[in-house]
Amino acid sequence: MLVFDLDDTLYLERDFAFSGYDHLEGWMRSRVGRNGFGRTCEHLFKSGERRRIFNRACAHLGIEDTTELIAELVDEYRNHPPRIELCPDAQRFLQTHQGPFGLITDGPEPMQRAKIAALGVDRLIEHLCPTGAWPEGYGKPHPRAYELMERLAADHQQMVYVADNPAKDFVTPKARGWLTVQIERPGGVHAPNAPDEEHAAAVRITSLDELDALISSI
């Protein structure tokens, strides 16, 4: 059974970030009467910043980054209605191939399910596993999600995991005998190189259009 990651595998995670920053532009205008917050966040992201973007944007605009305000910003960002689209190759593959497919994705469950709904993934992938639905500690690389997918798959079926982040995505399924496939998308937010051989995917691709030939060779 083919199992996919979500962020930077089926769509570009930066698109969710930019959608969230655009939402925060209007929200901060209403909240503190200042323009430019979302644009500043996007500029920081594009310049390579990944941590404390909201604090840095506040500092840039002369806004006090109180604990309360940052918590509100995080909540608004995570729960905004995302404007995102599947990558063209992901849309082609999922619409032209018959599953069942699986999906394992980390992150707060409401945020990930909003992404799934916005992308229409719930109509294309049968088995959805947002690990944020479980208590803390069950996200990747914990084996719980992979064990669930194995139970859902047909007996003796080859398990394949397609994902992007070698820091956590491949070490567990690789140890369980899955075929691990790393997709490298321009604009992805995670470093593409694995910290060691145990974390490295068996195969690296740049498009899901390459999956047919890969699966045929199994």
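Counting restarts for each chain, with residues numbered from 1 along the sequence as it is written. Per-residue local features of the predicted model are confined to residues with pLDDT of at least 70, and side-chain atom pairs are confined, for both listing and counting, to 80 or more; whole-chain, interface and lining totals are unaffected and use all residues. Values reported for side chains reflect all heavy atoms of the structure, with hydrogen atoms and water molecules removed beforehand.

Our next topic: the side chain of Asp-106. Along the chain, Asp-106 turns up in the loop between strand 2 (102-105) and helix 6 (109-119). Exposure is judged per residue with a 1.4 Å probe applied to protein chains only, and the accessible area is read against the type maximum: over 50% gives exposed, under 20% gives buried, and values in between give partly exposed. Accessibility expressed as a relative area gives 14% for Asp-106, which makes it buried. Identification of polar contacts relies on pairs of N or O atoms within 3.5 Å, with a donor-acceptor requirement for protein atoms, meaning one able to donate a hydrogen and the other able to accept it, and with residues adjacent in sequence counted only if both atoms are side-chain atoms. At 2.6 Å, the side chain of Asp-106 forms a polar contact with the side chain of Thr-131. Within the structure, the side chain of Asp-106 is placed 3.2 Å from the backbone nitrogen of Lys-140, a separation counted as a polar contact. A contact between two residues is defined here by any heavy atoms of the two lying within 4.5 Å. For Asp-106, the contacting residues outside a window of four places in its chain are Asp-7, Gln-112, Thr-131, Gly-139, Lys-140 and Lys-168. Strands here are runs of E lasting at least two residues and helices are runs of H or I lasting at least four, both read from the DSSP assignment and numbered beginning at the N terminus.

What follows covers helix 1 (residues 13-32). Taking 1.5 Å as the rise per residue, helix 1 with 20 residues should run 28 Å; its terminal C-alpha atoms sit 28 Å apart, in good agreement. Among the residues of helix 1, those classed as buried are Phe-16, Ala-17, Phe-18, Ser-19, Gly-20, Tyr-21, Leu-24, Glu-25, Trp-27 and Met-28. Tucked inside the fold, the buried residues of helix 1 contact helix 2 (37-46), helix 3 (53-61), helix 4 (67-79) and helix 6. Gly-33 lies just past helix 1 and shows a positive phi near 75°. Between the first and last residue of a helix there are one fewer steps than residues, each counted as 1.5 Å, and that sum is the expected span.

As a further point, take unusual backbone geometry. Each neighbour pair has its own omega, and for Gly-99 with Pro-100 the value is 5°, a cis peptide bond. By the secondary structure assignment, Pro-100 is in the loop between helix 5 (88-96) and strand 2. Cis rather than trans, the peptide bond between Lys-140 and Pro-141 has omega equal to 15°. Among the structural elements, Pro-141 can be located in the loop between strand 3 (127-130) and helix 7 (144-152). Positioned with a positive phi, Asp-8 is a non-glycine residue whose angle comes to about 65°. Inspection of the secondary structure assignment puts Asp-8 in the loop between strand 1 (2-4) and helix 1. The buried category is assigned to Asp-8, whose relative accessible area is 1%.

Salt bridge, as used here, is a side-chain nitrogen of Lys or Arg placed within 4 Å of a carboxyl oxygen of Asp or Glu. Under the definition given, this model contains 17 salt bridges. Residues Glu-49 and Arg-56 are paired through a salt bridge, measuring 3.3 Å at the closest nitrogen-oxygen approach. The closest approach of N and O atoms between Asp-169 and Lys-140, which form a salt bridge, is 2.8 Å. Placement of the pair is Asp-169 in the loop between strand 4 (160-163) and helix 8 (171-175) and Lys-140 in the loop between strand 3 and helix 7, with a sequence separation of 29 residues. There is no split in this pair, since Asp-169 and Lys-140 are both buried. Through salt bridges with shared partners, a single network forms among Asp-5, Lys-140 and Asp-169.

Before going further, it helps to spend a moment on the sheet that holds strand 2. In this description, strands pair whenever DSSP reports at least two bridges between them. Reading across the sheet, the 6 strands line up as 3-2-1-4-5-6 and stay open at both edges, with parallel pairing between neighbours. With partners counted over all chains shown, the strands left at the sheet margins are strand 3 and strand 6 (203-205), one partner each. Pairs of neighbouring strands in the sheet enclose a mean axial angle of 20°, with direction left out of account. A fitted line through C-alpha atoms serves as each axis, taken over the contacting stretch for helices, and the angle formed by two N-to-C directions is quoted from 0 to 180°. Relative to the sheet, helix 6 contacts strand 2 and strand 3, its axis offset from that of strand 3 by approximately 145°.

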